[in-house]
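# Chain and residue survey
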Amino acid sequence: MTHSLRIPDLPIPVRPGTLRPGGVGPGDAGDPAVNDVDVIRVRGDARLAGTVHVVGAKNSALKLMAAVLLAPGRSVITNVPRITDIAIMGEVLRRLGCGIRFDADDPVDPMVAHGGVARSRSVVIDVPEQPGTEADYDLVRRLRASICVLGPLLARLGYVRVAHPGGDAIGSRGLDMHISGLTRMGAEISGEHGFVIASAPHGLHGAEIMLDFPSVGATENLVMAAVLARGASVIDNAAREPEIVDICTMLNQMGARISGAGTSTLHIEGVPGLRPVRHATVGDRIVAGTWAFGAAMTRGDVTVTGVEPGFLEVALDKLISAGGLVETRGDAFRVRMDDRPKAVDVVTLPYPGFATDLLPMAIGLAAVSDGASLITENIFDGRFMFANEMMRLGADIKTDGHHAVVRGRERLSGAPVRATDIRAGAGLIIAGLCAEGVTEVSHVHHVDRGYPDFAADLRALGVEVEPGTAPEEPDLTI
Ligand code: EPU
C-alpha cells in the first residue's frame, strides 16, 4: 500500500489513495487508481453492543466552514469531524487565502476517555479582507460540497469562479436551483470550460425564490448569498434539515437576520456586513442513524450519544416497527433488537422524511429481515447502484427504477465487496457483520470521507475489525 497524501499539513489521518494528486483515476471522479486498494475486513455473526459518541455532522461543518468566508477575521468552529472531506474543505479555504488550523477540540470527544483517538477538531479560520475568487476542479471533484463557496463569495466579492462538480456515484446532481436563485438576486451566471462563473457587479439584491424541490445545497447557497444582499429575501420550499438550522443559527450569531429556519419558508433581511463567530457543529444524525440500524441488524444493543434523537424520528420509528426497542433521553438514544427484525417498507424524502443517506442501511436491514420490504428512493437516481455489491453478500434485491424489493434472508454470506460511496461503504461493512464468514470491503477511503474512525467505533462496540491486505494486482501491460 502506498501513501499518496499530497495536500500539505493535513492533520487528519488519510488512507492510501484518498487524496490522489494528478488526473482522475479509473472509476468515479476522485477515485484512486486500482492499485491503491484500501480494505477492511469484518467477521460475521457479530453483535454490536455498547455506547458510541457521535461528533459534529459532516454536512453541517462543511457549510459552516464556507459560511465564515462572509466575515473577515478569525472564526472558530468546534465539534468538526476528523474526516477527509473536512481536510479537503480546509484546503479549498486555504487556496482562497484563508489561514486554517485544526486544534484539539473543546470539549474533547468523550471517546478519548475510553482510550480512543479524538474524532473531532476545532477549526480556526482566518478570513482575509480580500479572499480569492476561484475554486478549481482539482479540489471540487474530490468534494462536491465545495460548490457551497459560490453563495458567500459572490455575496462578499461580487465575483466567483467555481469548477462544476459534475455527478457522482449516487447519481446526477444538478445546480439549476442554485443558479436560478442567484440569478433572481441579480447575479449573472455563465458556464465556461467546466466552471460556473457568477458575477454581481452592482451587488446582490433581495428576491422571492420558490425552489422546485427542497434542495439542501441550493437552500444553503441562497441563504449565504441573501444574508449580505440589499433588502429582503424569501426562500420558499426551503430544505428543513437540522444542518440548515445549524448554519442559520451560526449566521444569525454573525449578525445575519434570518427567521424561519427549520420551516419551509426562510425570511432573510440583508445586512451590510457580518462578524466572525465561534460555533459548535450540530451532531451527525446520519452517523447516529448508521449505528441505530447496525444495532437492529445485528440484534444488538447500542446507545448513541451526541445527537438529538428527534432528528431521527422517522428512522427510529421504522426500527420500532421492525421490532426494536428504542429509548430516547436528552441528546442520546438506545436501540435494542432481541429477535430477527421484521420487514418494513421505507420511502426516502427530504427532512423530516427518511434520509436518503440511510438508504444503504435500510436495504441492509431489509436484507436480513423476516419478510419482503419495498424500499423507495426519491432523492438520488443512482442510489441503488451499490445494490449489486449487497447482492454479492447474498442479499435478495430486485430494483426497478427508484424502487427496490428486498426479500430478507436469515443470514448473508461474507464476500469481497467494494464501497462505492460514503454511505454504501458503511452499509456494506454493517451488512458484513450479519454475514457468515469474513467480508472484505475495499475502497473504504469513501467511508473515511464521512465517518471519523469507523473501525475504532466498531471495535468499541465489540466487533473484530482488521485492516485487509490489498490483493496483488496482475500486470496487465500489453
Ligand atoms: N438537485 C437539482 N438541482 C439543484 C440542486 C439539487 O436537480 O440545483 C437535485 C439533485 O440532483 C438531487 C436532489 O436534488 O437529486 C437533492 O439534492 P440536494 O441539493 O438536496 O443535495 P446536496 O446538497 O447535493 C446534501 C448532502 C447529501 C445528502 C443530500 C440530501 C452535503 C454535502 N451533501 O447533498 O449527503 O444526501 O443533501 O439530504 O450536504 C452524504 O453525506 O453522503 C451525502 C450524499
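It should be noted that the structure appears before, not after, this text.
## Examining the site of the ligand
Every one of the 22 residues lining the ligand counts as a neighbour, but Lys63, Asp176, Ser215, Asp357 and Ile379 are closest to it. Separating an oxygen atom of the ligand from a side-chain N or O atom of Asp357 is a distance of 2.7 Å. Residue Ile379 places a main-chain N or O atom 2.6 Å away from an oxygen atom belonging to the ligand. In isolation the ligand offers 830 Å² of accessible surface; the protein chains occlude 85% of this area. Mapped by element, the contributors of at least two residues to the shell around the ligand are α1 (58-67), α5 (176-184), α6 (216-226) and α12 (422-433). A class-by-class count of the residues in the shell around the ligand yields nine nonpolar, seven polar and six charged.

## Focus on the sheet that holds strand β18 (residues 346-347)
Ordered by their spatial adjacency, four strands build an open sheet running β18-β19-β21-β20, and the pairing between neighbours is mixed. Each of the sheet's edge strands pairs with one partner strand only, and the pair in question is β18 and β20 (396-400). Relative to strand β21 (residues 403-407), strand β19 (residues 372-376) runs antiparallel, the two sharing five bridges. Bridging from a neighbouring strand, Ala372 pairs with Arg407 of β21. Strands β18, β19, β20 and β21 of the sheet are contacted by helix α10 (residues 359-368), whose axis makes an angle of about 30 degrees with β21.

## What to know about the sheet that holds strand β4 (residues 99-104)
If you walk across this open sheet you meet the four strands as β4-β5-β3-β14, and the pairing is mixed. Both edges of this open sheet fall to β4 and β14 (278-280), since each of them pairs with a single strand only. Across the sheet, the axes of successive neighbouring strands diverge by a mean angle of 20 degrees, strand direction being ignored. Here six bridges tie β4 to strand β5 (residues 120-127), and the two strands are oriented antiparallel to one another. The partner of Phe102 across the bridge, within β5, is Val123. Against the sheet, α1 contacts β3 (73-81), β5 and β14, and its axis sits at roughly 170 degrees relative to β3.

## So, the nonpolar core
Counting 79 residues, the largest nonpolar core has Ile125, Val149, Val227, Leu251 and Leu274 as its most contacted members. Look past the residues within four positions of Val227 in its chain and what remains in contact with it is Leu70, Leu251, Ala256, Ile258, Ile268, Glu269, Gly270, Val271 and Leu274. Judged by nonpolar contacts, the second largest core, of 74 residues, contains Val54, Ala296, Val344 and Phe354.

## Describing empty space enclosed by the protein
Scanning the entire structure with this criterion turns up four cavities of 30 Å³ or more. Counted as a void, the largest cavity has a volume near 50 Å³. Taken together, Val52, His53, Val54, Val55, Gly56, Arg119, Asp284, Val287, Trp291, Pro452 and Asp457 form the lining of the largest cavity. Those elements that provide at least two residues to the lining of the largest cavity are β2 (49-53) and α8 (285-297). Residue composition of the lining of the largest cavity, by class: six nonpolar, two polar and three charged.

## Considering the pattern of salt bridges
Should the charged atoms of two oppositely charged side chains come close, the side chains can pair. Per the counting criterion, the structure on display carries 27 salt bridges. A salt bridge links Asp85 to Arg449; the nearest nitrogen and oxygen atoms lie 2.8 Å apart. One end of the pair, Asp85, is in helix α2 (residues 84-95); the other, Arg449, is in the loop between α13 (445-448) and α14 (454-460), and 364 residues separate them in sequence. Assessed through its relative accessible area of 1%, Asp85 is described here as buried. Put simply, Glu91, Arg94, Arg95, Asp136, Asp138 and Arg142 are held in one network by salt bridges that share partners.

## Re α5
An α-helical turn contains 3.6 residues, so any two residues separated by three or four positions project in the same direction. Here α5 has its buried residues at Met177, His178, Gly181 and Leu182. Each buried residue of α5 lies within a common arc of 125 degrees when the element is viewed along its axis, so the set occupies one face. Exposed residues on α5 whose side chains face more than 90 degrees from its buried face are Asp176 and Arg184. Against the buried residues of α5 lie α4 (150-157), β8 (188-192), β10 (208-210) and α6. Just downstream of α5 lies Gly186, where phi reads positive at about 105 degrees.

Parameters and conventions
- Residues numbered from 1 in each chain as written.
- Predicted model: local features only at pLDDT ≥ 70, side-chain atom pairs only at ≥ 80, totals over all residues.
- Heavy atoms only, no water.
- Near = heavy atom within 4 Å.
- Polar contact = N/O pair within 3.5 Å; in protein donor to acceptor, adjacent residues only side chain to side chain.
- Areas by Shrake-Rupley, 256 points an atom, 1.4 Å probe, with all protein chains shown as cover.
- Helix = DSSP H or I, 4+ residues; strand = E, 2+ residues; numbered from the N terminus.
- Nonpolar A, V, L, I, M, F, W, Y, C, P; charged D, E, K, R; others polar.
- Pairing = 2+ DSSP bridges.
- Contact = heavy atoms within 4.5 Å.
- Axes fitted to C-alpha atoms, helices over the stretch in contact; angles between N-to-C directions.
- Core = buried A, V, L, I, M, F, W, Y, C linked by side-chain atoms within 4.5 Å.
- Buried < 20%, exposed > 50% of the residue type's maximum accessible area, 1.4 Å probe, protein only.
- 1 Å grid on protein atoms, 1.4 Å probe; cavity = no way out; pocket = protein on both sides within 12 Å on 5 of 7 lines; lining within 4 Å.
- Points joined across faces, edges and corners; volume = space filled by probe spheres on them.
- Salt bridge = Lys/Arg side-chain N within 4 Å of Asp/Glu carboxyl O.
- Arc of directions from axis to C-beta.

Structural measurements only, silent on function.
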